[in-house]
Amino acid sequence: MKTERILVTGGTGYIGSHTVVELQQAGYPVVIIDNLSNSDSAVLDGIERITGIRPDFVEADCTDIEALKALFAKYPDIKGIINFAASKAVGESMEKPILYYRNNLNTLMNLLELMAPNHVKGIVFSSSCTVYGEPDVNPVTEQSPIKKATSPYGNTKQISEEIITDVINAGAPFKSIILRYFNPVGAHPSAEIGELPNGVPQNLIPYLTQAAMGIRKELSVFGNDYNTPDGSCIRDYINVVDLAKAHVIAVERMLQDKSEDKIEIFNLGTGNGVSVLELINAFEHATGVKVPHKIVGRRAGDIEKVWANPEHANNVLGWKAESDIEDTMRSAWAWQCRLRERGIM
Ligand code: NAD
Ligand code: WQD
């Protein structure tokens, strides 16, 4: 077991839980802080079933600086932070912008403020390809222009990147790695953990697997008249376990002081653009299960096409997305079946 502990905020959430598994399997002691606003403490059981280790867990809100101070006092061995805790529903952020700005920005600022006094060496931040908006050119590199955010949620990611940059440039004694995720999908191959959508899913894969299960009548494909080969939108779907592994590499890079720069930014994607209709085909081919679907009109605000150039992460982090899209679809389906077995959905 390593001696440097990692604080994982939002660690019972979708990407956080997969990352906790990878951290534990790499030998890191972990402490999770989560307010369970979008996750369930039963996730801790799933993590324990996979790794044999129950992560330490503090149920608290990261916007509560006193709770964070108490956590750092209890765990003086925290040397790295991975900050997943955030509100992430784009539509909700249009209706409740203050909730989004307050939650996402205060969480980040509290953590940044407490890092130096607690001798934390680095923070990994969950950013998003949403910062590129509708790109002029695909694939996007880290130098591609940042476009004006189209939602308060997206804006919190842009502002967070700026806050981190300002704090580091002001001479903070720690490093930061900003990871811009493309579209995280799938679940752990054990089907012990996965994405737990709250209510009617807004994102493609949970809706697709629920339609395949018969929980939803049919998947609506939002548009087939885009300027793409089959007319449906194109994204870069990245397997959540591949994504989780990049966090272990990133946090280790800061703990071991491997980088010259105090702040680094990486795209995390596969480099392959996949359309909605291609993804439905991949799911059906991989699982043998049909996805009832129909073409409907475009969804307001959708990006036509975006996919990553992941070479910077490939070359500098030595990380590469390895999973095949059909394996990823099988993992998403196995998780949906597990939810059904457990009577959750
Ligand atoms: P998630 O909602 O499953 O996980 C976030 C976790 O943070 C939840 O468990 C929630 O309860 C917790 N949380 C929220 N606010 C908190 C607070 N103030 N204090 C303590 N805990 C809090 O989301 P996810 O999909 O795992 O996303 C993780 C991060 O990655 C988020 O920052 C999100 O914006 C970012 N991201 C996600 C995607 C995606 O498509 N899933 C894409 C790009 C970036
Ligand atoms: C993917 C594709 C839809 C649902 C959102 C956020 C973004 C990022 C990831 C965090 C699109 C199509 C979807 C459905 C469909 N999150 N679709 N029918 O839009 O790429 O990004 O999540 O940072 O900020 O905006 O992801 O999963 O919603 O959609 O046809 O029922 O699936 O039109 O082309 P998106 P998504």
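For the structure, check the block above.
Rules used throughout
Residues numbered from 1 in each chain as written. Chains lettered and ligands numbered in written order. Predicted model: local features only at pLDDT ≥ 70, side-chain atom pairs only at ≥ 80, totals over all residues. Heavy atoms only, no water. Helix = DSSP H or I, 4+ residues; strand = E, 2+ residues; numbered from the N terminus. Rg over C-alpha atoms; globule rule 2.2 N^0.38 Å. Buried < 20%, exposed > 50% of the residue type's maximum accessible area, 1.4 Å probe, protein only. Contact = heavy atoms within 4.5 Å. Areas by Shrake-Rupley, 256 points an atom, 1.4 Å probe, with all protein chains shown as cover. Lys, Arg positive; Asp, Glu negative; His and termini not counted. Charge placed at Lys NZ, Arg CZ, Asp CG, Glu CD. Near = heavy atom within 4 Å. Polar contact = N/O pair within 3.5 Å; in protein donor to acceptor, adjacent residues only side chain to side chain. Nonpolar A, V, L, I, M, F, W, Y, C, P; charged D, E, K, R; others polar. Expected span 1.5 Å × (residues − 1).

### Digging into the overall build of the protein chain
Okay, step 1: If you tally the helices and strands in the protein chain, you get 11 helices and 13 strands.
Okay, step 2: Taking 20 Å as the expected radius of gyration for a compact globule of 345 residues, we find that the protein chain reaches 19 Å, a close match to that expectation.
Okay, step 3: A burial count over the protein chain gives 55% of its 345 residues as buried.
Okay, step 4: Of the contacts made within the protein chain by residues no fewer than 6 positions apart, 80% connect residues no fewer than 24 positions apart.
Okay, step 5: For the protein chain, the accessible surface area stands at approximately 14,700 Å², while carbon and sulfur atoms represent 50% of it.
Okay, step 6: Averaging the locations of the 33 positively and 43 negatively charged side chains of the protein chain gives two centres separated by 2 Å.

### Brief notes about the site of ligand 2
Okay, step 1: Taken together, 18 residues sit near ligand 2, with Ser 128, Tyr 153, Ser 220, Arg 235 and Asp 302 positioned nearest.
Okay, step 2: A distance of 2.9 Å separates an oxygen atom of ligand 2 from a polar backbone atom of Phe 222.
Okay, step 3: Note that an oxygen atom of ligand 2 is positioned 2.9 Å from one of the side-chain N or O atoms of Arg 299.
Okay, step 4: Coverage of ligand 2 by the protein amounts to 86% of the 690 Å² it exposes when considered alone.
Okay, step 5: Residue contributions to the shell around ligand 2 peak at four residues, all from strand S8 (residues 219-222).
Okay, step 6: Its residues assigned to classes, the shell around ligand 2 comprises nine nonpolar, six polar and three charged.

### Quick word on helix H9 (residues 276-287)
Okay, step 1: Between its first and last C-alpha, H9 extends 17 Å over 12 residues, near the 16 Å set by a 1.5 Å rise per residue.
Okay, step 2: By the criterion of burial, H9 is predominantly enclosed, with nine of the 12 residues buried.
Okay, step 3: Listed as buried for H9 are Val 276, Leu 277, Leu 279, Ile 280, Ala 282, Phe 283, Glu 284, Ala 286 and Thr 287.
Okay, step 4: Where the residues of H9 are buried, they touch helix H7 (204-213), S8, strand S10 (237-239), strand S12 (274-275), strand S13 (293-296) and helix H11 (325-341).

### Describing the site of ligand 1
Okay, step 1: The full set close to ligand 1 counts 27 residues, and Asp 34, Asn 38, Ser 39, Asn 103 and Tyr 153 are the nearest of them.
Okay, step 2: Here an oxygen atom of ligand 1 and a backbone polar atom of Gly 13 are 3.3 Å apart.
Okay, step 3: Here Ser 37 contributes a backbone N or O atom positioned 3.1 Å from an oxygen atom of ligand 1.
Okay, step 4: Coverage of ligand 1 by the protein amounts to 94% of the 820 Å² it exposes when considered alone.
Okay, step 5: Only helix H1 (14-25), helix H5 (97-115), strand S5 (122-128) and helix H6 (152-169) provide two or more residues apiece to the shell around ligand 1.
Okay, step 6: The element best represented in the shell around ligand 1 is S5, accounting for three residues.
Okay, step 7: Partitioned by chemical class, the residues of the shell around ligand 1 number 11 nonpolar, 12 polar and four charged.

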